[in-house]
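Okay, here's what each chain looks like letter by letter:
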Amino acid sequence: MGKLKTVYKNLCLKKALTITIVGSLFIAFSGAMAILLATRPSYYALVAENSENPAMYWHDFFSISTVGIYVCVVIIAGSYIFYRFKLSPPLKALTEGIEQIAVDNLDFSIQYDAEDELGTLCGSFERMKNELQNNYKKIWRMTEDRRKLNAAFAHDLRTPLTVLQGYTDFLEEYIPFPEKEDAKLLETNHMMAYYIERLEDYVEVMNKIQKLEDTPVKMQTVPIDSFMKMLDDNIKLTAKEYGKNISVINEADLQEVRGDLSLIFRVLENVMRNACRYAENKVFVRLYERNHLLSFEMIDDGAGFSPKALEQALNPFYTSGQSESSHFGLGLNICKILCEKHGGGITISNTPDSGARVQFSFLLEK
């Protein structure tokens, strides 16, 4: 019985409905014939007794009524079986899923595994729910990242604004007393110009980040040999610029690379320059493919990330204090944004030898 139920559950709707209708009609016809055959002896007995006996008409009425009621019961039972085993479970699962979505709950799963049209529909509904869940998580992460970015931006703006306010107060004191030294006035004007330029740079950086988030990912396909040639050219230029030794190992078993090459190499260059900046002599790059992700592992022989950097280096406006003053601490944060736009991600850690390790990946389009 269980096997028959499973087979019926996995039939396509048209075939299941056809089987139900044919089976119901067959049972109804067989039952009707059985009823008529069962009442036949009594009918002939009445005829033999008296062909004009009024009881014959009542006999025919009850026989036809019994057959009609029996046929209707069988058809209703067939309809119930079709609804109970083919329509009710998936409709119930879909209804419960819609109710969960209506109350903003996406932490559920559609449990219906039949191999029919409704099973396919439930599978599509489950994929839609998962996609909604992923989009909600992505929006939440973007909102959280934007909140952190705005907080960091506001924090870094506070210093130049405070300095400018102090110089403004100085000028207000100076104007009524022009006999003060002109050298002090020139120095004040120079510092105000510096911090105003700094503020302009901050605004430009914010616009740059917004453009990064709005930039579409443009896919293109290149053979793996061409990709490695571009990577080799990029490495030679960076190695020459920083005077470091950069080695590459390709472990990716790919015939071609399908992705946004401009975005990929932008992240690659940014991470590589960052590694060269802190490396003593060598930078090691490993390229591999896993779970349809084009992944890079970049290791330098420098001092590695500090405990604070391991927690905050991917956040905007984080600096270690060792870089130049014009450095806003957005390099790794920009890489994080670009990797996530391309369906991948980025992580940072230290090697057992204390060198810095940066791993980043990009989703390859099939």
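In this text the structure is predicted, and so the values were computed from the model without any measurement.

Chemist: Tell me about the overall build of the protein chain, and name the residues and values.
Modeler: The secondary structure content of the protein chain amounts to nine helices and seven strands. Contacts spanning at least 24 positions in sequence make up 68% of the contacts within the protein chain whose residues lie at least 6 apart. For the protein chain, the exposed area adds up to about 22900 Å²; of that, 58% sits on carbon and sulfur atoms.

Chemist: A description of the state of the cysteines should follow, citing residues and the corresponding values.
Modeler: Overall, the coordinates contain zero disulfides when judged by the stated rule. With no disulfide of its own, Cys335 has Cys339 as its nearest cysteine by sulfur position, at a separation of 6.3 Å. Judged by its relative accessible area of 1%, Cys335 is buried. According to the relative accessible area criterion, Cys339 is buried, its value standing at 0%.

Chemist: Describe in detail the pattern of salt bridges, supporting the description with residues and values.
Modeler: Counted under the stated rule, the structure contains eight salt bridges. Note that Glu340 is salt-bridged to Lys336, the shortest N-O span being 3.5 Å. Here Glu340 and its partner Lys336 are both found in helix H9 (residues 331–341), four residues apart, which amounts to about one turn of the helix. Relative accessible area serves as the criterion here: at 32%, Glu340 is assigned to the partly exposed category. Lys336 sits in the buried class, given a relative accessible area of 16%. Each of the salt bridges in this network shares a partner with another, and the network as a whole consists of Glu251, Arg286, Glu297 and Arg357.

Chemist: Outline H9, listing residues and values.
Modeler: Counting buried positions along H9 gives nine out of 11 residues, so the element sits mostly inside the fold. Among all positions in H9, only Gly331, Leu332, Asn333, Ile334, Cys335, Lys336, Ile337, Leu338 and Cys339 are buried. Following H9 by one or two positions, Gly343 adopts a phi angle in the positive range, close to 80°.

Chemist: Can you break down the sheet that holds strand S5 (residues 293–300) residue by residue, with the values?
Modeler: On the basis of which strands lie adjacent, the open sheet formed by five strands has the order S2-S4-S5-S7-S6 and mixed pairing. Both outer strands of the open sheet, strand S2 (245–250) and strand S6 (345–350), are each paired with one neighbouring strand and no more. Neighbour to neighbour, the strand axes of the sheet diverge by 15° on average, direction disregarded. In this structure, S2 lies alongside strand S4 (residues 282–290), joined through six bridges in parallel fashion. When the sheet's bridge partners are listed, Ser247 is paired in S4 with Phe284. Sheet strands in contact with helix H6 (residues 224–242) are S2, S4 and S5, and its direction is about 165° off that of S2.

Chemist: Explain the nonpolar core to me, using residue names and the numbers behind them.
Modeler: Counting residues in each nonpolar core, the largest one holds 46 residues, and the members touching the most others are Phe227, Val257, Val267, Leu294, Phe296, Met298 and Phe360. Core analysis: the next-biggest nonpolar cluster, separate from the first, contains nine residues, Ala93, Tyr112, Ala114 and Leu118 among them.

Chemist: Account for the packing of H6 against helix H7 (residues 261–278), naming residues and giving values.
Modeler: As a packed pair, H6 and H7 sit with axes 11 Å apart at the nearest point and diverge in direction by 30°. The angle between the axes of H6 and H7 places the two elements in the roughly parallel class. Once H6 is placed against H7, the crossing between them reads as right-handed. Between H6, through Phe227, Met230, Leu231, Asn234, Ile235, Thr238, Glu241 and Tyr242, and H7, the contact on the second element is made entirely by Leu261, Ile264, Phe265, Leu268, Glu269, Met272, Arg273, Cys276 and Arg277. Taken together, the residues of the contact of H6 with H7 sort by class into 11 nonpolar, two polar and four charged.

Chemist: Tell me about the packing of H7 against H9, and please be specific about residues and values.
Modeler: At a minimum axis distance of 10 Å, the contact between H7 and H9 shows a crossing angle of 155°. Between H7 and H9, the crossing angle belongs to the class labelled roughly antiparallel. The handedness of the crossing between H7 and H9 is left-handed. For the pair formed by H7 and H9, the contact residues are Leu263, Arg266, Val267, Asn270, Val271 and Asn274 on the first element and Gly331, Leu332, Cys335, Leu338 and Cys339 on the second.

About the criteria used
- Sequence order sets the numbering: in each chain, residues are counted from 1 along the sequence as written.
- Local features in this predicted model are restricted to residues of pLDDT 70 or higher, and side-chain atom pairs are both shown and tallied only at a pLDDT of 80 or more, whereas totals for entire chains, interfaces and linings draw on every residue.
- Heavy atoms from the whole structure form the basis of all side-chain values; hydrogens and water molecules are not counted.
- By the criteria applied, helices consist of DSSP H or I runs no shorter than four residues and strands consist of E runs no shorter than two, each listed in order from the N terminus.
- The contact rule is simple, with two residues in contact once any of their heavy atoms fall within 4.5 Å.
- Accessible surface is estimated by sampling points in the Shrake-Rupley manner with a 1.4 Å probe; for residues, cover comes only from the protein chains shown.
- Disulfides are defined in this document as cysteine sulfur pairs within 2.5 Å.
- Partly exposed residues are those whose accessible area sits between 20% and 50% of the maximum for their type, while under 20% is buried and over 50% is exposed, using a 1.4 Å probe and protein chains only.
- Between Lys or Arg on one side and Asp or Glu on the other, a salt bridge is scored when a side-chain nitrogen of the former is within 4 Å of a carboxyl oxygen of the latter.
- Only when DSSP finds a minimum of two bridges between them are two strands counted as paired.
- To obtain an axis, a line is fitted to C-alpha atoms, over the contacting stretch when the element is a helix, and the angle between two such axes runs from 0 to 180 degrees between their N-to-C directions.
- Residues enter a nonpolar core if they are buried and are Ala, Val, Leu, Ile, Met, Phe, Trp, Tyr or Cys, with the set joined through side-chain atoms within 4.5 Å.
- By definition in this entry, angles of less than 35 degrees are roughly parallel, angles greater than 145 are roughly antiparallel, angles of 65 to 115 are roughly perpendicular, and the rest are oblique.
- By convention the crossing between two helices is left-handed if the near helix lies anticlockwise of the far one by an angle smaller than a right angle, and right-handed if it lies clockwise.
- Each residue receives one of three labels: charged for Asp, Glu, Lys and Arg, nonpolar for Ala, Val, Leu, Ile, Met, Phe, Trp, Tyr, Cys and Pro, and polar for the others, Gly being one of them.

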